[in-house]
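Here is what each chain is made of, one letter per residue.
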Amino acid sequence: MTNTFSRIRFATVILLAVTALWGKAALSADHTITAVAVKFKPMFLYIEPGDTVNWESMTGHNVETIDLMSPEGLEKINSELGANVTAVFESEGIIVYKCTPHWGARMGGIIVVGKPEDPSAILDSYLATLETDRSNLPAKGLLKKLRKDMESKGLL
Ligand SMILES: [Cu+2]
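Residues numbered from 1 in each chain as written. Predicted model: local features only at pLDDT ≥ 70, side-chain atom pairs only at ≥ 80, totals over all residues.

Asks: What is the right way to look at unusual backbone geometry in this model?
Replies: One can expect most non-glycine residues to show negative phi and most peptide bonds to be in trans. In this model, Lys41 is joined to Pro42 through a cis peptide bond whose omega is -5°. Mapping Pro42 onto the fold places it in the loop between strand 2 (39-41) and strand 3 (44-47). Backbone geometry at Ser57 places phi at a positive 55°, although glycine is not the residue there. Structurally, Ser57 is set in the loop between strand 4 (51-56) and strand 5 (64-65). (Helix = DSSP H or I, 4+ residues; strand = E, 2+ residues; numbered from the N terminus.)

Structure below.
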């Protein structure tokens, strides 16, 4: 009786340890975005909440999130020119960012965190901000391409 009980307890401890390890691995992926000429590669990145994103080869570039095209409560990124950037994204949502000096050349990208509710409505609302704020016009093409990319992946 005691023996069976301790065996069950031992099995439970092992199971909990394995679950904890799996959970940790599943929750903390690392992603890399590389600046190549005046493009971020990949342009669209799909991640899970809690994942880390590293921007590399950033000589001459920076990362600036666009306030009107970020989920509410996102901590703004506006990095130093030329510096590699690391950020952890905890909340679901769609984040549009640009390279400030190359925004005119449409150097920007979009990060989709998790499975935000009604992504199509989010893209529509971001596009609608362009009617009042023309400074983000280079985002138009990015948002349209993202919509196609999400459709092709069955995410819209
Ligand atoms: Cu740039």
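On we go.
Asks: I would appreciate a short explanation of the nonpolar core in the present structure.
Replies: Generally speaking, soluble globular proteins have nonpolar side chains that are buried together. One finds Ile95, Val96, Ile110 and Ile111 to be the most contacted residues of the largest nonpolar core, which totals 26 residues. Breaking this core down by element, the ones donating at least two residues are strand 1 (30-36), strand 4, strand 7 (93-98), strand 8 (108-113), helix 2 (119-129) and helix 3 (139-152). Apart from the residues within four sequence positions on either side, Val96 is in contact with Ile66, Met69, Ser70, Gly108, Ile110, Tyr126, Ala139 and Leu142. (Core = buried A, V, L, I, M, F, W, Y, C linked by C-beta atoms within 7 Å. Buried ≥ 20, exposed ≤ 12 C-beta atoms within 10 Å, placed from the backbone. Contact = placed C-beta atoms within 7 Å.)

Asks: For this particular structure, what's the right way to read the packing of helix 2 against helix 3?
Replies: Where helix 2 meets helix 3, the closest approach of the two axes is 10 Å, and the angle between their N-to-C directions is 170°. As judged from the angle between their axes, helix 2 and helix 3 are roughly antiparallel. Where helix 2 abuts helix 3, its residues Pro119, Leu123, Tyr126 and Leu127 lie against Lys140, Leu143, Leu146, Arg147 and Met150. Its residues assigned to classes, the contact of helix 2 with helix 3 shows seven nonpolar, no polar and two charged. (Axes fitted to C-alpha atoms, helices over the stretch in contact; angles between N-to-C directions. Parallel < 35°, antiparallel > 145°, perpendicular 65-115°, else oblique. Nonpolar A, V, L, I, M, F, W, Y, C, P; charged D, E, K, R; others polar.)

Asks: Looking at this structure, I do not really get the sheet that holds strand 4. What am I missing?
Replies: Whether parallel or antiparallel, the strands of a sheet pair through hydrogen bonds between backbone atoms. Spatial strand order, 2-1-4-6: four strands in an open sheet with mixed pairing. Each end of this open sheet is capped by a strand with a single partner; those strands are strand 2 and strand 6 (85-89). Taking each pair of neighbouring strands and ignoring which way they run, the sheet shows an average axis angle of 25°. Sheet analysis places strand 1 next to strand 4, joined by five bridges and oriented parallel. Directly across from Ile33, in strand 4, lies its bridge partner Trp55. (Pairing = 2+ DSSP bridges.)

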